[in-house]
Amino acid sequence: MTRIDRIRLHRIDMPLVRPFRTSFGTQQTRDILLVEAITSEGVSGWGECVAMSWPGYSYEYVDGCVDVLTEHLVPLVLRDGTADPLEAHGRFVRVQGHPMAKTALETAILDAWLRVRNIRLVDFLGAQYPEQIRDEVDCGVSVGIPPSESISELLDEVSGYVDAGYRRIKLKIEPGWDVEPVRAVRQTWPDMLLQTDANQAYTRSDGDLLAAMDPFDLLLVEQPLPEDDLLGHAALAREITTPVCLDESITSVAVAETALAVEATSVINIKPGRVGGYLTAVQIHDLCRERGIPVWCGGMLETGVGRAANVGLAALPGFTLPGDTSASNRYYAVDVTPPFILDDGRLTVPTAPGIGVDPIPEILAELTTWSALIER
Ligand code: NPQ
Ligand code: MG
């Protein structure tokens, strides 16, 4: 019987093609943990941890993830070497929080388990609706605040993405960088699918400011208020005509149900790392699908490892809006896997089993800043 015998943590440093500024900070490089689960047959499964170096987007951060993985999560797997992803998922429930660390390990185990069985991740996740799984997904792109705060630089960057074929543009906004840049992009591309993401930068009293963007025919505004303020989002949703979409707030199936019940959100951004894995991500997708709530797949500047899994998830039928599943070259000149390339504004779902891609050993070795092997 298949066992997980060894788990290797790889910490890599990936230079970004351009700095990425949001309302919570500027990122120049991406410090990423990859988890490799190695079975008794010698098959490796891979998962990516989407935490950042510092706890600026969520309370998780890479050093904390290394600790909770090494001291708490990995031992729950290696104590008997269970290779069953559902069993691992159940064991992780006893560790509070740490969804990004859990997602990385759960995905590595799930990937190994699927490879041994020759099943694609997308076919496993979409087993309830096999006929409705897509083989390519519509892609959007997230555009940071230009470090120069120049609208002409913003238009240049967006123009490059429009020419590349992206099907939806998302502008990062914050107080002082909102109405004018959104107006400029909308005037330049009157028919483009356009949305904004505030990453919690506004307050309950900013209704008028956010309503000032209603005339620009936005698909949605993402996470305008702090993540714990569901009622604030519900109140704001009544003050503006642009649909509110929650990102950071949606940390579980139960929170998603509550947010929908209080009408704090009418669209949901699903990020597996934020909700504790692909199994939970599918549950939120199914809940939204039953209720007619559109969902889309978020992004965390993933390498090809996380990107592959996200593209599989985004191929499920409820993902009716283009996601932040951009091409590898949106973020990286060299990806750790073969790159995901945009074709007519879409990415192709990998056809190989599991997540469908592998890190390229030489590139992985070059990017690695630290690694650790944990054995049974
Ligand atoms: C979001 N992502 O939707 C995030 C937030 C985000 C693609 O807009 C380093 C690592 C920098 C993860 C900046 C996109 C990041 C990051 C922003 C995630 O809210
Ligand atoms: Mg967001």
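Above this text is the structure in question.
To keep things clear, this report deals only with the structure shown in the data block. Nothing here was measured: the structure is a model prediction, and the numbers come from that model. (Residues numbered from 1 in each chain as written. Chains lettered and ligands numbered in written order. Predicted model: local features only at pLDDT ≥ 70, side-chain atom pairs only at ≥ 80, totals over all residues. Heavy atoms only, no water.)

Quick look at the overall build of the protein
Here's step 1: Across its full length, the protein holds 13 helices and 13 strands.
Here's step 2: Radius of gyration (C-alpha) of the protein: 20 Å, near the 21 Å computed for a compact globule of 376 residues.
Here's step 3: Counting only C-alpha atoms, the protein reaches 60 × 40 × 40 Å along its principal axes.
Here's step 4: Counting contacts in the protein only where the partners sit at least 6 residues apart, residues at least 24 apart contribute 73% of the total.
Here's step 5: Summed over all atoms, the accessible surface of the protein reaches about 14,400 Å², with 50% contributed by carbon and sulfur. (Helix = DSSP H or I, 4+ residues; strand = E, 2+ residues; numbered from the N terminus. Rg over C-alpha atoms; globule rule 2.2 N^0.38 Å. Contact = heavy atoms within 4.5 Å. Areas by Shrake-Rupley, 256 points an atom, 1.4 Å probe, with all protein chains shown as cover.)

Here's the deal with the coordination of the magnesium ion (ligand 2)
Here's step 1: All of the protein donors around the magnesium ion (ligand 2) are Asp-197 (OD), Glu-222 (OE) and Asp-247 (OD); their distances to the metal are 2.1 to 2.3 Å.
Here's step 2: Here the donor residues of the magnesium ion (ligand 2) are spaced in sequence according to D-x24-E-x24-D. With Asp-197 in strand β7 (residues 193-197) and Asp-247 in the loop between β9 (244-246) and α9 (253-261), the pair connects residues that are 50 residues apart, well separated along the chain. (Donors = N, O, S within 2.8 Å, 3.2 Å for Na, K, Ca; no water.)

Describing the site of ligand 1
Here's step 1: Around ligand 1 there are 20 residues in total, and Ser-142, Lys-170, Lys-172, Asn-199 and Gly-299 lie nearest to it.
Here's step 2: Between ligand 1 and Lys-170 there is a distance of 2.9 Å, counted from an oxygen atom to a side-chain nitrogen or oxygen.
Here's step 3: In this structure, an oxygen atom belonging to ligand 1 sits 3.1 Å away from a side-chain N or O atom of Lys-271.
Here's step 4: When isolated, ligand 1 has an accessible area of 440 Å², and the protein chains bury 99% of it.
Here's step 5: When grouped by side-chain class, the residues that make up the shell around ligand 1 number seven nonpolar, five polar and eight charged.
Here's step 6: Composition of the shell around ligand 1 by domain shows at least three residues from each of domain 1 (4-119 + 360-375) and domain 2 (123-348). (Near = heavy atom within 4 Å. Polar contact = N/O pair within 3.5 Å; in protein donor to acceptor, adjacent residues only side chain to side chain. Nonpolar A, V, L, I, M, F, W, Y, C, P; charged D, E, K, R; others polar. Domains from an automatic or database assignment.)

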